[in-house]
Structure formats: C-alpha cells, structure tokens
Amino acid sequence: MSQPQKHILPTKFFANNKENPVRILLISAYEASSHKAWSDTLMTGLNQHEWTYLSLPARHFAWRIRGNAMSFAFDPQNKPTLDAGYDLVIATSMTDVVGLKAFCPALQSLPWLLYFHENQFAYPANDKQQGLVEMQMVTLYSALAADQCVFNSVFNKHTFFAGARALLKKLPDFVSPSWLDKVESKADVLPVPLEIPQATLSSPFAPNSIPNIESPIKLVWSARWEFDKGPERLFAILKELQRRGVKFEIAILGEQFRTTPPIFAQIHAEFSDQISQFGFAPSRADYLSFLSSSHMVLSTALHEFQGLSVLEAVALGCLPVLPNRQVYPELFEPPFLYQSHIEDIAQEAKGAVDRILELSSAPLRKPDVAHYYAENLLLKYDVLLQQLTTQGAS
C-alpha cells in the first residue's frame, strides 16, 4: 500500500483560491499507471489546495474492488490520515464508497466525488472473468452513495447508466431504475487532462511527416497488455501488413501485469525485425520520444473509455488509426476510423491496413486535441471542487 502523502507544491497553473485552499483526500483503490498519472496531474496542477493521497496497488482486480474499503480502513497506519479533517473526498470508481463511509465515521458527512476512468458494465466478456455482477454492484452502490459522479467521456457515462439500469431490472426483487435519475442528472464529464511538456508538442494540426514509398511507416501501439486491448487484433493487422508487403516499424508499448496474453510472445517472435520497442518504455521521456517519432498511433481496443495514450500520441503528431467502436467515434472523425468487426478479426485487420495505407498516401491534418491539455481542463476541475465544497459546507 502507498504511504499517505501530503502534496503542498508550488502553484503551477493557477493563482486563485490561495486564501481558501480546499483540504482534499484523494483515494485511488486500484492504482493503474493511468490512474496515478491523473492523480498526479490534479495534485500538481491544483496545488493551491492541500492534498492527501491514499492508494492500493493495481493487482488482484476482483478482490481489490470488493475489499478495498477494509484494506484502507483496517490498516493502522491509515487511521490518522482517514480521521484527519477534510473538506472533500475524491475517489476513483473502484473505491467502495459505502464501505469506507461505514468504517470511517469522519468521512461520512463530507462531500464525495466519484471519478470514473472506466466502468464494468461495458467490459467485454471473458471466460476467465469472475464476479462481474458483484463488481458492478459495488460500483453502483458507490455511485448512489457519492454526491457527484464524474466520467472521463460521454461514452463512459452513457454505458454506465445504461448498464446499471439493465442490471437493476434483472434483480429478483423490485428496485426501480429511476433511483439513478438523480445521480445521472448531476453527473458530469471531465476527461483526464493531458500532461505533456510544451516543448514536445507538435504544432497544431501538423502530423509527423509521412514516409515516401521506400521508407517504413512508423506505428505505435500503446495499451495495457491485456485481452481487452485486442492484442490478437494487433497481430492480425501486422500479418496483413506483412501479406501486402508494406514496410513498417512498430513500437509496442504499454503497461504489463503479472499475466500477459501469450499472443505477445508470438508477435515478438514473428515481427522482431520490425519492432523498435517491445514493452514499457524505460522512462516518460523515452515514451514521449517514441510517440513523437511515429507516424501513426494504432489501437485495437475492445475496452476504451477515453484513449489517453492515443490522445497523447496525437498531441505529439501521430495520425490516429482506430476502430469505430467504444469511445473513439466521440474523439475523432470517420477518416481516422476503420470498420469494427467484432466477430471477424481478419476482416477488421484488412480495414485497418486499408486506413493505414490511405493515410500514408494522402495524409490528413492531425486532429486538434488541445482541449484535452491540462491547462485547459484543470480550471474546470477547480470550479467543480469549489462548488462541491461550498455545497458541503452549506
């Protein structure tokens, strides 16, 4: 477990509200790398406020989502932190809000903001997945117990409430789905801010240069090495590129866990000559360098609620090549999307390669993603935090 951390840092973006800082407890019940990046961006960018941070490691997902309240509340080292005075609690959606409120009386009367990086209602089916309904119910209880739900995309928000209503209709005893109406009416959408050094950003709308016919197309694929990110589909696209004789290089980045789908070993064995990086980049600077030196960012995801790594790549000059499913149609125009074929991986791979070749021969201007930059989003976060604390004090 992470040690409680106090963050009181030099103000980075704002000079307002210094006289009335908000005391915030930020709880991350499953500290995946993207969740940690979001937390760090809030604490650093809004450091006119006083932050205390508690987290649990990103492992044993099913157990973590059900047991995190006990892990936090019953660890003696956390008691002084949980009992300290706060104005607001912000928690990721895997946090058991009901359990923590029950175990920690000091947190009961505070306003709670529940932030959804993802939701379990839109998760693709998996033979190895267990306890899905249990995990869905924990998140549903937390949403009902929080004062404000915030989602990183409209797609995330819509799929959560649609899935929650469908689940409530299945309960053997009557529970009206209308209970969610008030929660949904107050729900907001605030994406995870992009935290990229200004010096590394490409000029607006300018893609990284597309190679001539003799040069390889440089691709990057950066996602968690898990089945829901579609690694079999990545393999199919690489095979299709090979079949058509397309010259390419690819950096396969992304976070890895204890168990990795075996298809990655096959990808490495068959395409080692074309792979420029295989695995997590050694540093943040190296990661950004791989993005800025690539021509296109490729996704094969079956489970994506914001596509942070894709947005980072586009900010650094890559053209996106993405399936027209999940959150992607919300982010980008049709010329950057290939047809989704959930039941036919080979057909989907052909469409993806068609799109790669089209963008290579007649490149489009890079989409503008400046509205996702931290300096543009953090002010909106600050306004929301002030509103919640004002309401909680009234």
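The notes below deal with the structure included here.

Basis of the calculations
- Residues numbered from 1 in each chain as written.
- Predicted model: local features only at pLDDT ≥ 70, side-chain atom pairs only at ≥ 80, totals over all residues.
- Heavy atoms only, no water.
- Helix = DSSP H or I, 4+ residues; strand = E, 2+ residues; numbered from the N terminus.
- Salt bridge = Lys/Arg side-chain N within 4 Å of Asp/Glu carboxyl O.
- Buried < 20%, exposed > 50% of the residue type's maximum accessible area, 1.4 Å probe, protein only.
- Axes fitted to C-alpha atoms, helices over the stretch in contact; angles between N-to-C directions.
- Parallel < 35°, antiparallel > 145°, perpendicular 65-115°, else oblique.
- Left-handed = near helix turned anticlockwise from the far one by under 90°.
- Contact = heavy atoms within 4.5 Å.
- Nonpolar A, V, L, I, M, F, W, Y, C, P; charged D, E, K, R; others polar.

**A look at the environment of Gly-45**
Line of reasoning, step 1. Within the element layout of this structure, Gly-45 appears in helix H1 (residues 33-45).
Line of reasoning, step 2. When the C-alpha positions of Gly-45 and Val-150 are compared, they lie 18 Å apart, and in sequence the two are 105 residues distant.

**Description of the pattern of salt bridges**
Line of reasoning, step 1. For the coordinates displayed, the defined rule picks out 18 salt bridges.
Line of reasoning, step 2. The salt bridge partner of Asp-181 is Arg-165, with a shortest N-O separation of 2.7 Å. With Asp-181 in helix H7 (residues 179-186) and Arg-165 in helix H6 (residues 154-170), the pair connects residues that are 16 residues apart, well separated along the chain.
Line of reasoning, step 3. Here Asp-181 falls in the partly exposed class, since its relative accessible area comes to 41%.
Line of reasoning, step 4. Its salt-bridge partner being Arg-224, residue Asp-228 comes within 2.8 Å of it at the nearest N-O pair. Taken individually, Asp-228 and Arg-224 each receive the classification buried, so the pair is uniform in this respect.
Line of reasoning, step 5. Salt bridges sharing partners connect three or more residues here, namely Glu-240, Arg-243, Arg-244 and Asp-354.

**A word on the packing of helix H8 (residues 231-243) against helix H13 (residues 345-361)**
Line of reasoning, step 1. Following both chains from N to C, one finds H8 and H13 inclined at 60°, their axes separated by 8 Å at the closest point. In terms of their interaxial angle, H8 and H13 are classed as oblique. Where H8 crosses over H13, the two elements pack in a sense that is right-handed. Between H8 and H13, the residues in contact are Glu-232, Arg-233, Ala-236, Ile-237, Glu-240 and Leu-241 and Ile-345, Glu-348, Ala-349, Lys-350, Ala-352, Val-353 and Ile-356, respectively.
Line of reasoning, step 2. In terms of residue class, the contact of H8 with H13 is made up of eight nonpolar, no polar and five charged.

**Details of the side chain of His-35**
Line of reasoning, step 1. Summarising the element assignment, His-35 is placed in helix H1.
Line of reasoning, step 2. Among residues more than four places away in sequence, those in contact with His-35 are Ser-28, Tyr-30, Met-94 and His-117.

**Side note on the side chain of Gln-136**
Line of reasoning, step 1. Looking at the element boundaries, Gln-136 is found in helix H5 (residues 132-145).
Line of reasoning, step 2. On the accessibility criterion, Gln-136 (9% relative accessible area) is buried.
Line of reasoning, step 3. Gln-136 has contacts with Gln-120, Phe-121 and Leu-167, leaving out every residue within four places of it along the chain.

Without other data, these values stay purely geometric and don't point to any function.
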